[in-house]
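Fold and geometry: a report
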Amino acid sequence: MRAEWSSARGIRCVWSGIGLVLVASLLLGACAPAAPAPAKPAEAAKPTEVAKPAAEAKPAEKPAAAGQVGPKQTFVWGQVSDPSNLDPHFSLDGYAGSMIVQAYERLLRYKAGTRTELEGELAESWTASPDGLTWTFKLRPNTRFADGSALDSTAVKWSFDRLFALKAGPSTPLQAIDRIETPDPRTIVMTLKEPFAPFASALTQNGASIVNPKVQQYEKDGDAAKGWLATNMMGSGLYQQSEWVKGQRLVMDIVPEHWSGRAANASIRRLIAKIVTELSDLRLQLEKGDIDHAYGLEPSQVRALSDKPGITIYKDAYLDFIYIYLMSAKPPFDKKELRQALAYAVDNKRLSDELLGDGGRPLNGPIGFGMLCYDESNQGYGYDPAKAQQLLTQAGYPGGRGLDFELLYSTSTVGAEEVVVAVQAMWSAVGVQARVTKIAEATRRERIDKGDTQATLGQWQPGPPDPFNTLNRWYDSRFHGLGVNRAFYTNSEADDLIRKAAVGTSEQERCNLYRQAQKIVVDDAPYITLYQQDLQLAIRQEVQGFNVAPNSRSTFDFSTMSKS
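This report concerns the structure included in the present document. Computed from a predicted structure; not experimentally measured.

Quick word on the pairing of strand E5 (residues 134-139)
Burial along E5 is one-sided: Trp-135, Phe-137 and Leu-139 are buried, while Thr-134, Thr-136 and Lys-138, pointing the other way, are not. Across five bridges, the pairing between strand E4 (residues 123-128) and E5 is antiparallel. In the sheet register, Ala-123 faces E5, and the bridge partner there is Leu-139. Count of turn residues in the E4/E5 antiparallel hairpin: five residues, of which Gly-132 carries a positive phi of about 75°. In this structure, E5 lies alongside strand E7 (residues 187-192), joined through five bridges in antiparallel fashion.

Examining the sheet that holds strand E6 (residues 177-184)
Pairing is antiparallel across the open sheet formed by four strands, whose spatial order is E4-E5-E7-E6. Either end of the sheet is taken by a strand with one partner, and the two such strands are E4 and E6. The average undirected angle you get between the axes of adjacent strands in this sheet is 20°. Across five bridges, the pairing between E6 and E7 is antiparallel. The residue bridging Asp-184 from the neighbouring strand is Thr-187, located in E7. With respect to the sheet, helix H2 (residues 153-166) is in contact with E5, E6 and E7, its orientation differing from that of E6 by roughly 165°.

Section: helix H9 (residues 385-394)
All of the buried residues along H9 are Ala-388, Leu-391 and Leu-392. End-on view of H9: buried residues confined to an arc of 105°, all on one side of the axis. Looking at the packing, one finds that the buried side of H9 touches helix H7 (336-344). Trailing H9 by a residue or two, Gly-396 shows a phi angle of about 100°, which is positive.

Focus on the state of the cysteines
Across all of its chains, the model carries one disulfide by this definition. Residue Cys-373 pairs covalently with Cys-511 via a disulfide, S to S 2.1 Å. Note on the Cys-373 and Cys-511 pair: the S-S dihedral is about -75°, so by sign convention the disulfide is left-handed. On the criterion of sequence distance, the pair formed by Cys-373 in the loop between strand E14 (360-362) and H9 and Cys-511 in helix H14 (residues 507-524) is long-range, its members being 138 residues apart. Exposure class is identical for Cys-373 and Cys-511. Each is buried.

Looking at the environment of Gly-237
Within the secondary structure layout, Gly-237 lies in the loop between helix H4 (226-229) and strand E8 (239-245). By relative accessible area, which is 1% here, Gly-237 ends up buried. Counting along the chain gives 21 residues from Gly-237 to His-258, while the straight-line C-alpha distance between them is 7.9 Å.

Thoughts on the packing of helix H8 (residues 348-356) against helix H10 (residues 416-428)
Packing of H8 against H10 leaves a shortest axis separation of 11 Å and a crossing angle of 145°. H10 is crossed by H8, and the crossing has right-handed handedness. Taking contact as the criterion, the partners of Arg-350, Leu-351 and Leu-355 in H8 are, on H10, Val-419, Ala-422, Val-423 and Met-426. Residue classes in the contact of H8 with H10 are distributed as six nonpolar, no polar and one charged.

Quick word on the sheet that holds strand E18 (residues 527-533)
Reading across from one edge, E14-E18-E13-E17-E15-E16 is the order of the six strands in this open sheet, with mixed pairing throughout. Unpaired on one side and paired on the other, E14 and strand E16 (434-438) mark the two borders of the sheet. Here the strands of the sheet are splayed against their neighbours by 25° on average, with no regard to which way each runs. Relative to strand E15 (residues 405-409), H10 is tilted by about 160°, and along the sheet it contacts strand E13 (321-326), E15, E16, strand E17 (455-460) and E18.

Topic: the pattern of salt bridges
A full pass over the atoms with the stated rule returns 33 salt bridges. One salt bridge connects Glu-124 with Arg-186, and the closest N-O pair in it is separated by 3.0 Å. Residue Glu-124 is located in strand E4, and its partner Arg-186 is located in the loop between E6 and E7; the two are separated by 62 residues in the primary sequence. Residue classification places Glu-124 among the partly exposed residues on the basis of a relative accessible area of 33%. Across the salt bridge formed by Arg-510 and Asp-466, the nearest N and O atoms sit 2.9 Å from each other. Here Arg-510 is found in helix H14, whereas its partner Asp-466 is found in the loop between E17 and helix H12 (471-475), with 44 residues between them in sequence. Taken as a pair, Arg-510 and Asp-466 share a single burial class, namely buried. Each of the salt bridges in this network shares a partner with another, and the network as a whole consists of Arg-106, Arg-109, Glu-119 and Glu-121.

Calculation criteria
- Residues numbered from 1 in each chain as written.
- Predicted model: local features only at pLDDT ≥ 70, side-chain atom pairs only at ≥ 80, totals over all residues.
- Heavy atoms only, no water.
- Buried < 20%, exposed > 50% of the residue type's maximum accessible area, 1.4 Å probe, protein only.
- Helix = DSSP H or I, 4+ residues; strand = E, 2+ residues; numbered from the N terminus.
- Pairing = 2+ DSSP bridges.
- Axes fitted to C-alpha atoms, helices over the stretch in contact; angles between N-to-C directions.
- Contact = heavy atoms within 4.5 Å.
- Arc of directions from axis to C-beta.
- Disulfide = S-S within 2.5 Å.
- Left-handed = near helix turned anticlockwise from the far one by under 90°.
- Nonpolar A, V, L, I, M, F, W, Y, C, P; charged D, E, K, R; others polar.
- Salt bridge = Lys/Arg side-chain N within 4 Å of Asp/Glu carboxyl O.

Below you can see the structure in the form of structure tokens.
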């Protein structure tokens, strides 16, 4: 793929949104049953109202086993790809995450309307010892899995043991746990190896999902049922999987006797993730009312829908980072000068302005705007083609001659095609000719995990706004691959700083360490940080109570929604 990229507004302005996000210190210390309230986060912009009423969405394709479910009880969202893996202890796939969060519960969650205030989900209360090493959780009474079996402390311990045995990416934020004890059916005591500042927030992430131990019946050859859970669900969430026709739809139905009692008042009884591989079709189906929400539309498409009958635009501030990963462990990107050259050749401010308008900003380092320890003085690389050409010569590729590499992308990264065209054109301006290759998301992830890449376009939503979720996960040499150091970056000095920052006991100490580390990793340039996006979603006007969960753009609380 080769293309010229115009700076005129309106030329395929792209990208899905999310970006900025509120900041606050993540708590460490005594908590019960909710964390201390931090500074009030920014209010999301109110959805755009549209005058004309929407056409009703089409009825659900299949009635639930428990009885008929009408179109007003069914929420259908379209997305361009199937989830790659539904196992919460293995998958970091965003498409899977939006479903995993419905089928599983965790000890803690972020309180609705905030991105910093924690509350119990399965946990009724929790406390931490003064030294931050011992955390005690008390389960709510009568917590149960969807099949009716008890969700007690032994089930929680078994689930965490499974998480650590798999050693996959979702376990990364919880590596501080040394042991778990269960003194009684409702009490869980977690002892950490060392203090870990963002521990409470880590327990809200999908890796901390509690899986039903009965899944052991599906184990094959000691795989901890990983094969079965890749395509099935067994949790305690309000909705559980009832059908998956790959390439067409994944259906989840409400658990009528959910332990929390929420099912009794929930209007939405069925969820359908409908696979619509072409963005133009996705948009058209939203306009026609065939789907209630189109997940993954580009910002230009969302803006074009703002004046369409029956469509509402939901806007919110969010953290959503767009990177290019450079495989720094092997040629040609084992040369720092080459990585720096490509970074100087990319005008990320222009990218942000042209593709996002006022819906985002350039990302100049791993800690984005709105995160704890954000350093406004960090200007990143800026755009300097002359410097890029100088560094290309130093790296042994004068004028880009002799340089041959592949830039991978998949459409799971929203707006990816417009971004790679723009970046390819910018690199071409300094003599660098990159081969752009579109591949399936499952293949892209498999190649990333094996280190079988050169340059890859990717996206990251850190969730809780703690630097650990970007600096430690993206740059620590312990987490190569999907763990998620996808550049296979290694720098012992950076490792030392970010590991010390993760266990720091004060915000000032942690931020000092993270800022030192940020200077090192920005200079090493294993990633080209492009921009961060705000959230802009197009939904049908008849959907009432639509909301986005605090730590994921694709996570919704369907129990509070309804359709008129």
